[in-house]
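Structure at a glance
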Amino acid sequence: MSPLPEDRDPSIAVTRPRPGHADLTGALKYDHADVRNVLERSSARETAVRVAVGAVARQVLAEFGIRVGGYVSGIGGVSVPIPLQPLDDLWLAAAGSELFCCDLSFDEPMKKAIDAAKLSGDTLGGVIEVQVTGCPPGLGSYTHWDRKLDARLAMALMSIQAIKGVEVGMGFGVAGLPGSRVHDEIFHDAARMKDGAVTAYFRQTNNAGGIEGGMTNGEPITVRAAMKPIPTLYRPLRSVDMSTHEPFEAAVERSDTCAVPAALVVGEAVVAIEILTAFLEKFGGDSLIEIRRNFLGYCQQIRHA
Ligand SMILES: Cc1cc2nc3c(=O)[nH]c(=O)nc-3n(C[C@H](O)[C@H](O)[C@H](O)COP(=O)(O)O)c2cc1C
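To start, this report covers the structure provided alongside it. No experiment lies behind these values; they were computed from the predicted model shown.

Helix and strand counts for the chain come out as 8 helices and 11 strands. The principal-axis extent of the C-alpha atoms belonging to the chain is close to 70 × 45 × 35 Å. Put simply, the chain has 305 residues, and 41% of those count as buried. Element-wise, carbon and sulfur atoms account for 58% of the exposed surface of the chain, whose accessible area totals about 16700 Å². Across the chain, the 30 positively charged side chains and the 37 negatively charged ones have centroids separated by 3 Å.

All right, on to the pattern of salt bridges then. Scanning all chains against the criterion turns up 17 salt bridges. We note a salt bridge from Glu-46 to Arg-50, for which the minimum N-O separation is 2.7 Å. With a relative accessible area of 33%, Glu-46 lands in the partly exposed category. Since its relative accessible area comes to 17%, Arg-50 is described here as buried. Close ionic contact of Glu-98 with Lys-111 constitutes a salt bridge, the shortest N to O distance being 2.8 Å. A residue pair is termed long-range when its members are at least 10 positions apart, and Glu-98 in the loop between α4 (87-95) and α5 (107-119) and Lys-111 in helix α5 qualify at 13 residues. If you follow the salt bridges from partner to partner, you end up with Arg-36, Glu-40, Arg-45 and Glu-253 in one network.

Enumeration according to the criterion identifies 7 aromatic pairs in this entry. With 5.3 Å between their ring centres and 85° between their planes, Phe-283 and Phe-295 make a pair best called edge-to-face. With Phe-283 in helix α7 (residues 260-283) and Phe-295 in helix α8 (residues 288-303), this pair connects stretches of sequence that are 12 residues apart. Exposure remark for Phe-295: the relative accessible area of 8% places this residue in the buried category. Among the aromatic residues, those joined into a cluster by ring pairs are Phe-64, Phe-279, Phe-283, Phe-295 and Tyr-298. Seen from the ring of Phe-248, Arg-16 lies directly overhead, with NZ or CZ sitting 3.6 Å from the centre. The ring centre of Tyr-298 lies 4.0 Å from the NZ or CZ of Lys-282, which sits over that ring.

Let's shift gears to the site of the ligand. Lining the immediate environment of the ligand, one finds 18 residues, of which His-21, Ala-162, Lys-228, Thr-232 and Ser-255 sit closest. Between the ligand and the protein, one listed contact pairs an oxygen atom with a side-chain N or O atom of Thr-232 at 2.5 Å. When isolated, the ligand has an accessible area of 630 Å², and the protein chains bury 84% of it. Grouping the amino acids of the shell around the ligand by side-chain chemistry returns 8 nonpolar, 6 polar and 4 charged.

Here we take up the pairing of strand β9 (residues 221-227). Residues of β9 alternate between two faces, with Ile-221, Val-223, Ala-225 and Met-227 buried on one and Thr-222, Arg-224 and Ala-226 left unburied on the opposite face. Note that strand β3 (residues 126-133) and β9 share 7 bridges and pair antiparallel. For Gln-131, the partnering residue across the bridge sits in β9 and is Thr-222. When strand β4 (residues 163-168) meets β9, the two strands line up antiparallel, connected through 5 bridges.

Before going further, it helps to spend a moment on the nonpolar core. Core analysis: the largest hydrophobic core is formed by 59 residues, its most contacted members being Ile-75, Ile-221, Val-271, Ile-275 and Phe-279. The element contributing the most residues to this core is α7, with 12 residues. Not counting residues up to four positions away in its chain, the partners in contact with Ile-221 are Val-130, Gln-131, Val-132, Cys-135, Leu-149, Leu-153, Gly-209, Gly-210, Ile-211, Thr-216 and Ile-275. Listed in part, the 5 residues of the second largest apolar core include Ala-27, Val-35, Val-38 and Leu-39.

Here the focus is the side chain of Asp-23. Tracing the backbone through its elements, the reader meets Asp-23 in helix α1 (residues 23-30). A relative accessible area of 1% means that Asp-23 is categorised as buried. A polar atom in the side chain of Asp-23 sits 2.8 Å from the side chain of Arg-18. Each residue touching Asp-23, except ones within four places of it in the same chain, is listed here: Pro-17, Arg-18, Val-35, Val-38 and Leu-39.

Take α1 next. Looking at α1, one finds that the buried residues are Asp-23, Gly-26 and Ala-27. Buried residues of α1, viewed axially, fall in a sector of 100°; they line one side. Exposed and oriented more than 90 degrees from the buried face of α1 are Thr-25, Leu-28 and Lys-29. Considering only its buried residues, α1 is in contact with α2 (36-42). Looking at the residues trailing α1, positive phi occurs at Asp-31, about 60°.

Analysis parameters
- Residues numbered from 1 in each chain as written.
- Predicted model: local features only at pLDDT ≥ 70, side-chain atom pairs only at ≥ 80, totals over all residues.
- Heavy atoms only, no water.
- Helix = DSSP H or I, 4+ residues; strand = E, 2+ residues; numbered from the N terminus.
- Buried < 20%, exposed > 50% of the residue type's maximum accessible area, 1.4 Å probe, protein only.
- Areas by Shrake-Rupley, 256 points an atom, 1.4 Å probe, with all protein chains shown as cover.
- Lys, Arg positive; Asp, Glu negative; His and termini not counted.
- Charge placed at Lys NZ, Arg CZ, Asp CG, Glu CD.
- Salt bridge = Lys/Arg side-chain N within 4 Å of Asp/Glu carboxyl O.
- Phe/Tyr/Trp six-rings, centres within 6.5 Å; stacked < 30°, edge-to-face > 60°.
- Lys NZ or Arg CZ within 6 Å of the ring centre and 35° of its normal.
- Near = heavy atom within 4 Å.
- Polar contact = N/O pair within 3.5 Å; in protein donor to acceptor, adjacent residues only side chain to side chain.
- Nonpolar A, V, L, I, M, F, W, Y, C, P; charged D, E, K, R; others polar.
- Pairing = 2+ DSSP bridges.
- Core = buried A, V, L, I, M, F, W, Y, C linked by side-chain atoms within 4.5 Å.
- Contact = heavy atoms within 4.5 Å.
- Arc of directions from axis to C-beta.

Here you go:
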């Protein structure tokens, strides 16, 4: 990967691109003879810095009672049925699970699936779920297409390597149900304000995943993302050597069998960054004191709406 041509050793160049990776197209796009130039830059190691930024974002959000959490709900074919417990219980269970799974009884079957995949030189994907509680209604936008919060969360999650699908709330489930079973009816209870709620409006269901019209509606935000199986296989898939055009097995780089729990850490971070960005668009200031004043002013505004 040296920038100096005289330092480059063609005998150690990677020339057999891995299916499912950026290898082949990246090499074509930038005219690289060594696929290593692509694979090092496309690696999910890039997300380390996003996780670091996410940790700061979470701290700022916590100042305003906004919490971000999540869990793994599926690995390979092993899936936890839709968990119905309160989010705090699910987050607690995930914190006690080696795989960040929200139901400890699924830890062992998931681990067995990972071990079996590893033994056969294969890889596994899965599903991560991230939630945000405590958001006031009105983050995001219903007028600016590029400020719609559901779109931004989808972008943030899809930008994580190997994430291939994102659902907000009920997600794809909405397509097969009538509106009467999808939309969350609106209720009002002034007594909620005494318990610290920002608004007296509430829902008994949350199929929208806390976002309507591109804005938070005050209910918890719930998003789900599907991660594909890792593309580096120790029993490699068929590929072509880019220097000879002969068929070969793809190159093998040091690689994991399953990175779904790690993807959850990244998922929570990117969601935290996106929520804080939207929060600061609405309440931003040059100090926490100023931001808090803006936030409390808005809370006052919607208090009796
Ligand atoms: C946390 C995390 C860890 C990953 N680890 C690996 C790995 O060890 N080996 C690998 O081949 N891909 C790994 N990936 C996936 C690849 O980076 C990804 O599939 C590749 O860059 C191609 O991008 P795409 O799948 O989004 O199209 C990982 C992804 C994430 C989010």
